[in-house]
Amino acid sequence: MNDQASSVEDVRKKAGLRSKIQHQLFIDGKFVDAKSGETLTSVNPHDNTAIAEVSMAGRADVDAAVAAAHAAFPAWSHASASDRGRILLRLADLIEANAEELARLESLDTGHPLRDSRALDVPRTALCFRYFGGMADKVEGTTIPVDAGFLNYTSREAIGVVGQVVPWNFPLMFTSWKLGPALAAGNCVVMKPAEITPLSSLRIAELMTEAGIPNGVVNVLPGLGSVAGQYIAEHPHIAKISFTGSTATGRRIVQASAGNLKKVQLELGGKGANIVFEDANLLAAVNGSAWAIFHNQGQACIAGSRLMLHERIADEFLERFIALAKSIRLGNPLDPATEMGPLTSMLHRDRVLGYVATASEQGGSVLSGGKSPADPSLADGFYIEPTIVRARSFKDRVAQEEVFGPFVTVLTFSSDEEALQIANGTEYGLGAGLWTRDLARAHLFARELKSGMVWLNSYKRVHPASPFGGVGQSGYGREMGFEVMREYTQVKSVWVNVDAKIAPWYAR
Ligand code: NAD
């Protein structure tokens, strides 16, 4: 056994994993090295130690994957929809059969606490594949009343080879959000997981083979965004790209995709307003607001990162909220008692800590956290304490820019009008929520909030049946539900002359 293989084996055993950690590219149904032989070390964010050297796809590997996907497309897109669905349903069952294994792998690679991976990431991944397995044979066309004597009908067809670029914050779950609908619709996929969290997507590729997916239908290529990601966005033989990540990268994707006019779907950043009114159930709001920002270390595009409090309840709310934040148990993600893990990369941890300094520079005050924990057992990891910062104005940078960490910016308001102005006062528009007992106010805000998703007396709920996506700088297009099937299909309109009486246009 070579050095790399034996150290991966050690990591595997220590993490309680039974199966091999896949670390090669998945192209045309096989695990292969990158043609260049290049690799990148996947790091355990708990202690900054190496997990595995993962193959890094370059342009030649993307070309090979696109060729395999094109070769697979005619058979896959013409297969009966229920046969495609059955493979996704089998995959959902396999995910459940391997749940503990997947949960541990996700926690090892991303830093998600095991209790989150077990209760959320893995079940949601299975639910998503099952939902789209069921969806496959329910995508229907329409018949349209047109001129007398004509039958006009539409069908929804697969687009072709689809490129998908996945971020590092929920790599396992987002693999299902991307692959489920694309495959149900009959497309073939070239998917690039984030370079820092590729392991669970590679394991899904392996389970897909077991579920019966034909070779070439799904290709998973870990690689750098600036190399493999950029080339997927540019590639002349990829017909559509679906991207989740930062708004800045989203813009680059749009530019790169212009060459062959790809269909583009973007799920980008957010700066979610979480509004607590004076009549709210305070205990529910405190707990829900902590979930909104601290779950997954705040690394969520729909995090409730702007906590807006009515000034009448602000002090009482903050007293309870700060106490709750201080009590959250930080620790090794693989310890089932851990409630908050490390951030997923050192670079990102430093970026988030940079925002603590920014807040102070602009006259904000740190009410809690704002630093790495003192616990020496966490010293090598990318940890940050749950951080609560009060901003001076909703125009401050920490109230406008996506921090993407366990970092919440507190703002206060004194009227509904002011609350709406602050809530809508960013360039983003992904998720927003409010806590109130006033039904009319709740629905009025649901209507007026500039946001793709609104939660009333809850926060950050997602389900594969419910459309997910944003407005403004948060992107366009929708994931999930029937909506996403529009993204992964194109409409064909067919005209049939049944018995139309057409007077000759060029009568002679
Ligand atoms: P990013 O947008 O650069 O990375 C997301 C994905 O895009 C990764 O797979 C990456 O490899 C890929 N990518 C990067 N450059 C690319 C390019 N030119 N062409 C194609 N693909 C490319 O995000 P990041 O730099 O890892 O994180 C920066 C910030 O982005 C975060 O702090 C956060 O604010 C935001 N973010 C948002 C989400 C989300 O769910 N909306 C996810 C991750 C990051």
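Residues numbered from 1 in each chain as written. Predicted model: local features only at pLDDT ≥ 70, side-chain atom pairs only at ≥ 80, totals over all residues. Heavy atoms only, no water.

## Considerations on the sheet that holds strand β6 (residues 150-158)
One open sheet holds the three strands; their spatial order is β5-β6-β20, and the pairing between them is antiparallel. Looking along the sheet, the strands with just one partner apiece sit at the ends: β5 (143-144) and β20 (489-497). (Pairing = 2+ DSSP bridges. Helix = DSSP H or I, 4+ residues; strand = E, 2+ residues; numbered from the N terminus.)

## Here's the deal with the sheet that holds strand β12 (residues 273-276)
Adjacent strands of a sheet pair through backbone hydrogen bonds, lying either parallel or antiparallel. Read from one edge to the other, the open sheet built from seven strands follows the order β14-β15-β16-β13-β12-β17-β18, with strand pairing classed as mixed. If you trace the sheet from one side to the other, it starts and ends with β14 (365-368) and β18 (453-456), each paired once. Mean inter-strand twist for the sheet, computed between neighbouring axes without regard to direction, equals 25°. Relative to β18, strand β17 (residues 431-435) runs parallel, the two being bridged by four bridges. Residue pairing in the sheet places Gly-433 in a bridge with Trp-455 of β18. Along the sheet face, helix α11 (residues 314-327) touches β12, β13 (306-310), β14, β15 (387-390) and β16 (407-413) and points at about 145° away from the line of β13. (Axes fitted to C-alpha atoms, helices over the stretch in contact; angles between N-to-C directions. Contact = heavy atoms within 4.5 Å.)

## Focus: the domain arrangement of the chain
Taken domain by domain, the chain holds domain 1 (3-268 + 470-492) and domain 2 (273-456). Contacts between the two partners involve 34 residues from domain 1 and, on the opposite side, 35 residues from domain 2. Taking both partners together, domain 1 and domain 2 bury about 2,700 Å²; carbon and sulfur atoms supply 61% of that area. Linking domain 1 with domain 2 are zero salt bridges. Between the two partners, domain 1 and domain 2, sit 13 residue pairs in polar contact (both at pLDDT 80 or more). Going through the elements one at a time, α4 (99-110) and α5 (114-135) are the ones with two or more residues in the side of domain 1 that touches domain 2. A breakdown of the residues in the side of domain 1 that touches domain 2 according to their chemical character gives twelve nonpolar, 13 polar and nine charged. (Domains from an automatic or database assignment. Buried area = accessible area lost by both parts, 1.4 Å probe. Salt bridge = Lys/Arg side-chain N within 4 Å of Asp/Glu carboxyl O. Polar contact = N/O pair within 3.5 Å; in protein donor to acceptor, adjacent residues only side chain to side chain. Nonpolar A, V, L, I, M, F, W, Y, C, P; charged D, E, K, R; others polar.)

## Some thoughts on the site of the ligand
Neighbouring the ligand are 25 residues, the closest being Trp-168, Lys-192, Glu-195, Arg-351 and Glu-402. Gln-230 is positioned with one of its side-chain polar atoms (N or O) 2.9 Å from a nitrogen atom of the ligand. Side-chain polar atom of Glu-402 to an oxygen atom of the ligand: 2.7 Å apart, as the coordinates give it. Elements with a minimum of two residues in the shell around the ligand: α8 (225-234), β10 (240-244), α9 (247-257) and α12 (346-361). Of the residues in the shell around the ligand, the class split is ten nonpolar, nine polar and six charged. The two domains that each donate at least three residues to the shell around the ligand are domain 1 (3-268 + 470-492) and domain 2 (273-456). (Near = heavy atom within 4 Å.)

## A few points about the packing of aromatic side chains
According to the stated counting rule, one finds twelve aromatic pairs in the structure shown. Where Phe-174 meets Trp-177, the ring centres are 5.0 Å apart and the plane angle is 65°; that geometry is what we call edge-to-face. Here Phe-174 and its partner Trp-177 are both found in helix α6 (residues 171-184), three residues apart, which amounts to about one turn of the helix. With relative accessibility at 3%, the residue Trp-177 sits in the buried group. Put simply, the rings of Phe-170, Phe-174, Trp-177 and Phe-468 pair up and form one aromatic cluster. One cation-aromatic arrangement involves Arg-59 over Tyr-231; the distance from NZ or CZ to the ring centre is 4.0 Å. Cation over ring: Lys-460 sits above Trp-291, and NZ or CZ is 4.8 Å from the ring centre. (Phe/Tyr/Trp six-rings, centres within 6.5 Å; stacked < 30°, edge-to-face > 60°. Buried < 20%, exposed > 50% of the residue type's maximum accessible area, 1.4 Å probe, protein only. Lys NZ or Arg CZ within 6 Å of the ring centre and 35° of its normal.)

## Observations concerning the nonpolar core
Ranked by size, the top nonpolar core spans 108 residues in total, and within it Leu-183, Met-208, Phe-317 and Phe-321 carry the most contacts. With eight residues, α6 is the largest single contributor of residues to this core. Residues lining this core come from more than one domain, with at least three contributed by each of domain 1 (3-268 + 470-492) and domain 2 (273-456). Apart from residues lying up to four places away in sequence, Phe-317 is in contact with Val-276, Leu-282, Ala-285, Val-286, Ser-289, Leu-307 and Leu-309. By size, the runner-up hydrophobic cluster in this structure holds 27 residues, among which are Met-308, Val-389, Phe-407 and Leu-411. (Core = buried A, V, L, I, M, F, W, Y, C linked by side-chain atoms within 4.5 Å.)

## Thoughts on helix α3 (residues 81-97)
For α3, spanning 17 residues, the distance from its first C-alpha to its last is 25 Å, which sits close to the expected 24 Å at 1.5 Å a residue. Looking only at α3, the buried set comprises Arg-84, Gly-85, Ile-87, Leu-88, Leu-91, Ala-92, Leu-94 and Ile-95. Residues of α3 that are buried make contact with α2 (59-78), α4, α5, α6 and α7 (199-211). (Expected span 1.5 Å × (residues − 1).)

## Focus on the packing of α5 against α6
Running from N to C, α5 and α6 cross one another at 5°; their axes reach a closest spacing of 9 Å. As judged from the angle between their axes, α5 and α6 are roughly parallel. Residues Asp-121, Val-122, Arg-124, Thr-125, Cys-128, Phe-129 and Phe-132 of α5 form the contact with α6, whose participating residues are Leu-172, Met-173, Thr-175, Ser-176, Trp-177, Leu-179, Gly-180, Pro-181 and Ala-184. Its residues assigned to classes, the contact of α5 with α6 shows ten nonpolar, four polar and two charged. (Parallel < 35°, antiparallel > 145°, perpendicular 65-115°, else oblique.)

## A word on helix α15 (residues 439-448)
Listed as buried for α15 are Arg-441, Ala-442 and Phe-445. Projected down its long axis, α15 shows its buried positions confined to an angular sector of 100°, all on one face. Those residues of α15 that are exposed and aimed more than 90 degrees away from the buried face are Leu-439, Ala-440, His-443 and Arg-447. Turning to α15, the residues buried within the fold contact β12, α14 (416-423), β17 and β18. Two or three places before Ala-440, at the start of α15, stands the capping residue Asp-438, its side-chain oxygen 3.1 Å from that residue's backbone nitrogen. (Arc of directions from axis to C-beta.)

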